[in-house]
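# Commentary on secondary and tertiary structure
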Amino acid sequence: MDSTAFNALKEELTTPKKIVIIPHKNPDGDAIGSTLGLYHFLKGLGHAAVVITPNDYPNFLKWIPGEKEIIKYDTQTQLATATIEAAELIFTLDFNHFSRVGHVEPLLAKSTATFVMIDHHQQPDTYAAYTYSDTSMSSTCQMVYHFIERLDALDAISADIATCLYVGIMTDTGSFRFRSTTQVTHRVLAHLIECGADNTTIHENVYDANSYSRLQLQGVALKNLKIIPEYRTAYITLSQKELDDHSFKKGDTEGFVNLGLSVSGIIFAAIFIENKGDKIIKISLRSKGDFSVNEFSRNHFSGGGHHNAAGGKSEVSLDDTVEKFISILPSYKNALHP
Ligand code: 5GP
Ligand code: MN
């Protein structure tokens, strides 16, 4: 966002507005942390701000300050629709294409509100009057911090805002290990702790929230893990039955794809999760180094994301999806061969 645009947006925020803040469907820690962090900040400026998620989010995020005030479109459709229709400003966070909000897409497409995008994914669309897109950023939460910084409002960061933003930086960086974690990220984190983010409690709330059945499901995922050494690739499958047998709840498979990537020598990992309700196989892809899973997913699995972390889907059976995946690997042999 150049300074002319930024100043115009700053000017818009000087008078109270009806503001909707929305993350992508199946929101993760960065999506919930960034929307709630911005929500507390904008409320502090006197705006009527509301967070609307397309659908539910995992239980390990159901303690974040302000979380109980979130409106969920899929279960509170009337209220969510009326609120979006009345919005003067709509902040879209942690995604950059309307197709990422699922059933909310038509409402956004016909809205006359002024759109603001804050996002770190690749290939942003052009729907927003104000676009703050930076693919080098660790997380949308770090971008919300820099947005507040640019508004000269760092003093307004409360313990609640700091907690929200810490969550998303932590989850999107794999607890500060991915390459997107920079000196600046750590300075931001240090300041968030100064502002009252309780880092130990946040880690415990998010990562020590396992149910016994989720750990058992992780055991199944590990048993199903397959390695293809000639392509330095690992993949995991989970069928609907395996999920049902372990009382699957949203978020339970979060992080499983990284188990494949933790095998020595593996640079490309995938997980294929059957979803009979939606009639799709949900795919998560991760890589190390130069191999772009964003490109891989865009080209073969109707998805996208980041260079080293992307998602997608398939509309054929679990077995056929895996077969397709394996059949594609030889065309990437230059990148994947040891
Ligand atoms: P995950 O594998 O954790 O669901 O997603 C990894 C990254 O890819 C996240 O940044 C997420 O927003 C993005 N992503 C996941 N699924 C999709 C998809 O279907 N389409 C696009 N464009 N991005 C996705
Ligand atoms: Mn993110």
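Below is a short write-up of the structure. It should be emphasised that the depicted structure is a prediction, and the values quoted were computed from it without experimental measurement. (Residues numbered from 1 in each chain as written. Chains lettered and ligands numbered in written order. Predicted model: local features only at pLDDT ≥ 70, side-chain atom pairs only at ≥ 80, totals over all residues. Heavy atoms only, no water.)

### Looking at the sheet that holds strand S1 (residues 18-23)
Pairing is parallel in the open sheet, where six strands are placed in the order S3-S2-S1-S4-S5-S6. Looking at strand neighbours, the two that pair on one side only are strand S3 (71-72) and strand S6 (130-133), the edges of this open sheet. For strand S4 (residues 89-93) and strand S5 (residues 114-119), the ladder comprises five bridges, and the chain directions are parallel. Within the sheet, the bridge partner assigned to Phe91 lies in S5 and is Val116. (Pairing = 2+ DSSP bridges. Helix = DSSP H or I, 4+ residues; strand = E, 2+ residues; numbered from the N terminus.)

### Things to note about the coordination of the manganese ion (ligand 2)
At 2.2 to 2.4 Å from the manganese ion (ligand 2) lie its protein donor atoms, namely Asp30 (OD), Asp94 (OD), His120 (NE2) and Asp172 (OD). All donors of the manganese ion (ligand 2) come from a single chain, and their spacing in sequence reads D-x63-D-x25-H-x51-D. Pair noted here: Asp30 is in helix H2 (residues 29-44) and Asp172 is in helix H6 (residues 159-172), with a separation of 142 residues, a long-range link. Like Asp30, the residue Asp172 is buried in the burial classification. (Donors = N, O, S within 2.8 Å, 3.2 Å for Na, K, Ca; no water. Buried < 20%, exposed > 50% of the residue type's maximum accessible area, 1.4 Å probe, protein only.)

### Brief notes about unusual backbone geometry
Non-glycine residue Asp152 carries a positive phi angle of around 55°. Mapped onto the secondary structure, Asp152 falls in the loop between helix H5 (140-150) and H6. Phi angles above zero are rare outside glycine, and Ser175 is one such case at about 55°. When its relative accessible area of 30% is taken as the criterion, Ser175 is described as partly exposed.

### A closer look at the nonpolar core
Counting residues in each nonpolar core, the largest one holds 50 residues, and the members touching the most others are Ile21, Leu38, Leu42, Phe91, Phe147 and Leu192. With eight residues, H6 is the largest single contributor of residues to this core. With residues near it in sequence (within four places) discarded, Leu42 still touches Leu13, Ile19, Ile21, His47, Ala49 and Phe91. In terms of nonpolar packing, the next biggest core, distinct from the first, is built from 22 residues, Tyr235, Leu285, Val322 and Ile328 among them. (Core = buried A, V, L, I, M, F, W, Y, C linked by side-chain atoms within 4.5 Å. Contact = heavy atoms within 4.5 Å.)

### Observations concerning the site of ligand 1
In the vicinity of ligand 1, 13 residues are found, and the nearest of them are Arg100, His121, Lys282, Ser284 and Arg286. One of the side-chain nitrogen or oxygen atoms of Ser284 is found 2.6 Å away from an oxygen atom of ligand 1. In this structure, Arg286 approaches ligand 1 through a side-chain N or O atom, which is 2.8 Å from an oxygen atom. Calculation on ligand 1 without its partners gives an accessible area of 500 Å², and the protein chains cover 79% of this total. (Near = heavy atom within 4 Å. Polar contact = N/O pair within 3.5 Å; in protein donor to acceptor, adjacent residues only side chain to side chain. Areas by Shrake-Rupley, 256 points an atom, 1.4 Å probe, with all protein chains shown as cover.)

### Side note on the side chain of Thr185
Checked against the element boundaries, Thr185 lands in helix H7 (residues 183-194). Residues within four places of Thr185 in sequence aside, it is in contact with Ser138, Gln142, Ile169 and Ser180.

### As for the pairing of strand S12 (residues 309-314)
Relative to S12, strand S10 (residues 280-287) is paired through six bridges, and the arrangement is antiparallel. Looking at the pairing, Ile283 lines up with Gly312 of S12. Note: strand S11 (residues 304-305) against S12, two bridges, orientation antiparallel. In the strand pairing of S12, Gly305 is matched with Ala310. Counted between consecutive antiparallel strands, the loop separating S11 from S12 contains three residues.

### A few points about the pattern of salt bridges
For the structure shown, the criterion picks out six salt bridges. Linking Lys62 and Asp56 is a salt bridge whose minimum nitrogen-to-oxygen distance equals 3.1 Å. For Asp56, a relative accessible area of 26% corresponds to the partly exposed category. Between Glu67 and Lys68 there is a salt bridge whose closest N-O contact spans 3.8 Å. On the basis of relative accessible area, Lys68 is assigned to the exposed category, the value being 71%. (Salt bridge = Lys/Arg side-chain N within 4 Å of Asp/Glu carboxyl O.)

### A short note on the packing of aromatic side chains
If you walk through the whole model with that rule in mind, you get 17 aromatic pairs. The interplanar angle of 70° and the centroid separation of 5.0 Å between the aromatic rings of Phe268 and Phe296 together place this pair among those described as edge-to-face. Here the residue Phe268 occupies a position in strand S9 (residues 268-275), and Phe296 occupies one in helix H12 (residues 293-300), the gap between them amounting to 28 residues. Accessibility assignment for this pair places Phe268 and Phe296 in one class, buried. Put simply, the rings of Tyr235, Phe268, Phe272, Phe291, Phe296, Phe301, Phe325 and Tyr332 touch in pairs and so form one group of aromatic residues. One residue, Lys62, lies across the ring of Tyr57, its end atom 5.3 Å from the ring centre. (Phe/Tyr/Trp six-rings, centres within 6.5 Å; stacked < 30°, edge-to-face > 60°. Lys NZ or Arg CZ within 6 Å of the ring centre and 35° of its normal.)

### A closer look at the sheet that holds S10
One open sheet holds the six strands; their spatial order is S7-S8-S9-S10-S12-S11, and the pairing between them is mixed. Unpaired on one side and paired on the other, strand S7 (226-228) and S11 mark the two borders of the sheet.

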